[in-house]
Amino acid sequence: MDAELLRIARECKGYLDEAEGMRLYELAREYGRVGPIVEIGSYCGKSSVYLGAGARDAGSTLICIDHHRGSEEHQPGEEYHDPELFDAQAGRMDTLHALRRTLRLANLEAHAVIWVSSSTTASRIWSTPLGMVFIDGGHSFETARSDYAGWHDKVASGGVLAIHDLFPNPAEGGQAPIEIYRQGLGSGSFDALETTKTLGVLRRR
Ligand code: MG
């Protein structure tokens with residue numbers, strides 16, 4: 001990761017620790033050689049900068065999947081609502097322009113594909129085995145379970161499934177991401193790799 005990309009990632013809206021971002025970069029650079037990389041929940045593109053840079057260095061492609069209408073926690077009145085990302089005319093959130101801007105600033109447009117739809121719709125269409133899937137979409141149990149169900153078996157053998165926002169202590173955060181992480185571990189299809197802060201990583205057998 002060069003300094004300019006780090007600066008762009010730092011300035012981008014979103015919630016991702018820099019150590020976690022660097023881990024995403026390293027994973028994308030390594031497992032991008034296995035196949036394309038899918039990100040669920042791109043928001044404004046903070047994690048896309050790290051993943052896209054890794055995909056670029058691996059000669060791979062990042063697919064940024066998001067409906068861009070915001071997760072539950074981004075809606076007006078909710079904890080993570082950002083009025084700058086609200087389209088008043090549509091009466092809905094719209095983060096698509098922010099993602100496109102981030103990828104342009106990071107000079108990653110040739111290495112990243114923006115896919116605007118729900119994760120469920122995309123997973124029904126997608127069939128290419130993936131080198132890496134990063135799940136960081138909605139944090140409700142329903143959404144996280146659906147993301148896991150739709151994407152875990154699209155990871156190629158020897159590829160990785162990364163899941164953000166694991167909080168072993170329920171007092172520190174929602175339990176949906178860690179539930180699907182444990183589901184993956186319990187499935188017998190994955191081995192745990194090292195966790196970086198709240199970023200869990202499972203490698204498919
Ligand atoms: Mg997250």
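Residues numbered from 1 in each chain as written. Predicted model: local features only at pLDDT ≥ 70, side-chain atom pairs only at ≥ 80, totals over all residues. Heavy atoms only, no water.

Student: Looking at this model, I keep getting lost on the overall build of the protein chain. Mind explaining?
Tutor: Along the protein chain, the regular secondary structure elements total seven helices and nine strands. Taking 205 residues into account, the globule formula puts the C-alpha radius of gyration at 17 Å, and the protein chain, at 16 Å, falls close to it. Along the first, second and third principal axes, the C-alpha atoms of the protein chain reach 45 × 35 × 30 Å. Classification of the 205 residues of the protein chain by burial places 50% in the buried group. Partitioning the contacts of the protein chain with sequence separation of at least 6, the portion at a separation of at least 24 is 71%. When the accessible surface of the protein chain is split by element, carbon and sulfur atoms take 48% of a total near 9,400 Å². Between the mean site of the 21 positive side-chain charges and the mean site of the 29 negative ones, the protein chain shows a separation of 5 Å. (Helix = DSSP H or I, 4+ residues; strand = E, 2+ residues; numbered from the N terminus. Rg over C-alpha atoms; globule rule 2.2 N^0.38 Å. Buried < 20%, exposed > 50% of the residue type's maximum accessible area, 1.4 Å probe, protein only. Contact = heavy atoms within 4.5 Å. Areas by Shrake-Rupley, 256 points an atom, 1.4 Å probe, with all protein chains shown as cover. Lys, Arg positive; Asp, Glu negative; His and termini not counted. Charge placed at Lys NZ, Arg CZ, Asp CG, Glu CD.)

Student: Explain the nonpolar core to me, please; I cannot follow it from the model alone.
Tutor: One recurring pattern in soluble globular proteins is that nonpolar side chains are buried together. Counting 29 residues, the largest nonpolar core has L24, I37, Y50, L51, L62 and M132 as its most contacted members. Elements represented by at least two residues in this core include exactly α1 (3-11), α2 (18-31), α3 (46-58), β2 (62-66), α4 (96-105), β6 (130-135) and β7 (155-163). The contact partners of Y50, leaving out residues within four places of it in the chain, are M1, L6, A9, L16, E18, G21, M22, L24 and Y25. (Core = buried A, V, L, I, M, F, W, Y, C linked by side-chain atoms within 4.5 Å.)

Student: I keep staring at the environment of E84 and nothing clicks. Help me out?
Tutor: Secondary-structure assignment places E84 in the loop between β2 and β3 (86-87). Residue class for E84 comes out exposed when judged on its relative accessible area of 61%. Separated by 2.8 Å, the side chains of E84 and K13 make a polar contact. (Polar contact = N/O pair within 3.5 Å; in protein donor to acceptor, adjacent residues only side chain to side chain.)

Student: Looking at this structure, I do not really get the sheet that holds strand β5 (residues 112-116). What am I missing?
Tutor: Within a sheet, adjacent strands bond to each other through the backbone by hydrogen bonds, running parallel or antiparallel. Spatially, the seven strands line up as an open sheet ordered β5-β2-β1-β6-β7-β9-β8, and their pairing is mixed. Across the chains shown, the open sheet's two edge strands, defined by having one partner strand only, are β5 and β8 (190-192). Across the sheet, the mean angle separating the axes of adjacent strands is 20 degrees when strand polarity is ignored. Across the face of the sheet, helix α6 (residues 141-151) comes into contact with β1 (37-40), β2, β6, β7 and β8 while running at roughly 175 degrees to β6. (Pairing = 2+ DSSP bridges. Axes fitted to C-alpha atoms, helices over the stretch in contact; angles between N-to-C directions.)

Student: Would you mind showing me how to read the pattern of salt bridges here?
Tutor: Any two side chains of opposite charge can pair, so long as their charged atoms come close to each other. Scanning the model with the defined rule gives nine salt bridges in all. When the shortest N-O distance is used, the salt bridge between K13 and E84 registers 2.8 Å. Of the two residues, K13 sits in the loop between α1 and α2 while E84 sits in the loop between β2 and β3, which places them 71 residues apart along the sequence. Judged by its relative accessible area of 30%, K13 falls in the partly exposed class. Between K197 and D17 there is a salt bridge, with its nearest N and O atoms 3.2 Å apart. Here K197, found in the loop between β8 and β9 (200-204), pairs with D17, found in the loop between α1 and α2; they are 180 residues apart in sequence, far enough to count as distant. For D17, a relative accessible area of 28% puts it in the partly exposed group. Here the residues in one salt-bridge network are E4, R7 and E11, joined through shared partners. (Salt bridge = Lys/Arg side-chain N within 4 Å of Asp/Glu carboxyl O.)

Student: Explanation requested: the packing of aromatic side chains in the structure shown.
Tutor: Both the distance between ring centres and the angle between the ring planes are used here to describe each pair of aromatic rings. According to the stated counting rule, one finds two aromatic pairs in the structure shown. Ring centres of Y15 and Y80 lie 4.9 Å apart, and the angle between their planes is 70 degrees; on these two criteria the pair is classed as edge-to-face. Placement of the pair is Y15 in the loop between α1 and α2 and Y80 in the loop between β2 and β3, with a sequence separation of 65 residues. The exposure class assigned to Y80 is partly exposed, which follows from its relative accessible area of 33%. Here the aromatic rings of W115 and W126 are separated by 6.0 Å at their centres, their planes lie at 50 degrees, and the arrangement is tilted. Of this pair, W115 sits in strand β5 while W126 sits in the loop between α5 (119-125) and β6; the two residues are eleven residues apart in sequence, bridging distant segments of the chain. The lysine or arginine in question, K154, covers the ring of W151, its NZ or CZ lying 5.9 Å from the ring centre. (Phe/Tyr/Trp six-rings, centres within 6.5 Å; stacked < 30°, edge-to-face > 60°. Lys NZ or Arg CZ within 6 Å of the ring centre and 35° of its normal.)

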